[in-house]
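Structural description and commentary
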Amino acid sequence: MADRDGVIWYDGKLVEWRDATTHVLTHTLHYGLGVFEGVRAYETPNGPAIFRLQDHTDRLFRSAHILGMKLPYTKEQLNAAQLAVVKENGLKSCYLRPMAFYGAGKLGVAPPVDDVHVIVAAWPWGAYLGADGLEKGIRVKTSSFTRHHVNITMCKAKANGNYMNSILANTEATRDGYDEALLLDAEGYVAEGSGENVFIVRKGKIYTPDLTSALEGITRDTIVQLAEEHNIPVIEKRITRDEVYSADEAFFTGTAAEVTPIRELDGRTIGEGRRGPITELLQSRYFASVKGQEGSRAEWLTLVK
Ligand code: PMP
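Because the structure is predicted, anything quoted here is derived from the model rather than measured. (Residues numbered from 1 in each chain as written. Predicted model: local features only at pLDDT ≥ 70, side-chain atom pairs only at ≥ 80, totals over all residues. Heavy atoms only, no water.)

Now for unusual backbone geometry. For arginine 52, which is not glycine, the phi dihedral falls at a positive 50 degrees. Judged by its relative accessible area of 7%, arginine 52 falls in the buried class. Although it is not a glycine, asparagine 231 adopts a positive phi angle of roughly 55 degrees. (Buried < 20%, exposed > 50% of the residue type's maximum accessible area, 1.4 Å probe, protein only.)

The structure is reproduced here in C-alpha cells:
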C-alpha cells in the first residue's frame, strides 16, 4: 500500500499510517493463519455510513472461532474501531479492512495464542472490477485451480491463508487477459470467484451455489433479500460450468466487487453479452441500499458520527 497520511486503528489506538508496522517474525506472516473482513462505507444523504457493519463484525468473530483464535476485543469495540477510522481519516466513502493476526511471540506451527493483534485500516477504493465492468460486464475464465475442499481449509472462515488460492486463480485469469477467475469445487461444481460469490439467471429465476465451499457473502445475502422483495425466486443448488455458459445472465457479488455482471465465461457469451435486466435491477437496488437511497433499509446502515 502506497505511503500515505492518515491513521490506522492498531490494538486499541489510532496510529499514524506509516507507524502501523509489525515484526518480521509475526506468526501470521509465516503461516497465514489470521482472519479479516472487507467492509465498505458509502456516502448517504445523512453522511457516511458503514454497510452491514454488525454482519461483518459477526463474520470476523465466526472466522476467528472456526480457527480457534481468541480475539482480545469485543464486537462493540471493533464496531467502534471501524467507525473511528472512517471518521478520523475524514473519508466519505471507503473500503475498510479489519484484520486479526498472531504476533511474533513464538514461531513454530502452534500459534502464540495470547499474542493476537487487531488492526482496522480504511482507504478510498473505487469499483474493484472496474467502473466499466459494473456497466458492461466482465470476462471470466474457469480457473485451473480448484476451490478449497471443506476439510482442507475452513471455507466458512475469511482467513488470510485461504487467499493464496484466490491469488493463484486471479493471477492466472488476468495474466490470460480475463478480468476474473471462476473457481470450481473439488467435485467440479461452480463454487465462487476469487473474491466474489456467483449467481446465474435463467428463465426469470436466480440460481447460486450452496455454501459448501464458498464464503457466506454478505452481498450475496443482500442480493437474495432484494430479489425476494421483487418476487424473483432464488434457488441454491449445485451449478455446473455449462449451466453458466447457457445462462441468460450471470453476475458476481462481493463487498469490493459490489454487483458485477459477467458477460463471458471461457469465451462463451452469456445471454446477450451485456448486463441483463435482472442483474441491472438488483445492481441498482444494491447501490440504492448501500447509499441510503430509496428502498434502503435503515438497519443495514450505521452512520459514522
Ligand atoms: N467469496 C470470497 C472468496 C470472498 O473473498 C468474498 C469477499 N469477501 C466473497 C465471496 C463475497 O463476500 P462479501 O459479499 O461478504 O464481501
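Don't stop here, the text continues.
With that settled, the discussion passes to the nonpolar core. Formed by 26 residues in total, the largest nonpolar core has its most connected members in Trp9, Ile50, Met69, Leu71, Val86 and Leu96. Those elements that place two or more of their residues in this core are strand E4 (39–44), helix H2 (53–66), helix H3 (75–88), strand E6 (94–102) and strand E7 (116–123). Among all residues touching tryptophan 9, those that are not within four sequence positions of it are Leu14, Tyr73, Leu78, Ala81, Val85, Val118, Ile119 and Val120. (Core = buried A, V, L, I, M, F, W, Y, C linked by side-chain atoms within 4.5 Å. Helix = DSSP H or I, 4+ residues; strand = E, 2+ residues; numbered from the N terminus. Contact = heavy atoms within 4.5 Å.)

Here the focus is the domain arrangement of the protein chain. Here the protein chain is partitioned into domain 1 (7–123) and domain 2 (131–290). For domain 1 and domain 2, the distance between their C-alpha centroids amounts to 26 Å. The largest contributions to the domain 1 side of the interface with domain 2 come from Phe36, Phe51 and Arg59, which together make up 32% of the buried area. Applying the counting criterion to the domain 1 and domain 2 interface returns two salt bridges. Linking arginine 40 and glutamate 258 is a salt bridge whose minimum nitrogen-to-oxygen distance equals 3.7 Å. (Domains from an automatic or database assignment. Buried area = accessible area lost by both parts, 1.4 Å probe. Salt bridge = Lys/Arg side-chain N within 4 Å of Asp/Glu carboxyl O.)

A few words on the packing of aromatic side chains. A complete count under the given rule lists 11 aromatic pairs for this structure. Consider the rings of phenylalanine 199 and phenylalanine 251, whose centres lie 4.9 Å apart with planes at 10 degrees: the pair is stacked. Pair noted here: phenylalanine 199 is in strand E11 (residues 197–202) and phenylalanine 251 is in strand E14 (residues 249–254), with a separation of 52 residues, a long-range link. Three or more aromatic residues joined by ring pairs make a cluster, and in this case those are Phe51, Tyr286, Phe287 and Trp300. Sitting over the ring of tyrosine 189, arginine 238 keeps its end group 4.2 Å from the ring centre. In this arrangement the basic side chain of arginine 268 is found over the ring face of tyrosine 245, its NZ or CZ atom lying 4.4 Å from the centre. (Phe/Tyr/Trp six-rings, centres within 6.5 Å; stacked < 30°, edge-to-face > 60°. Lys NZ or Arg CZ within 6 Å of the ring centre and 35° of its normal.)

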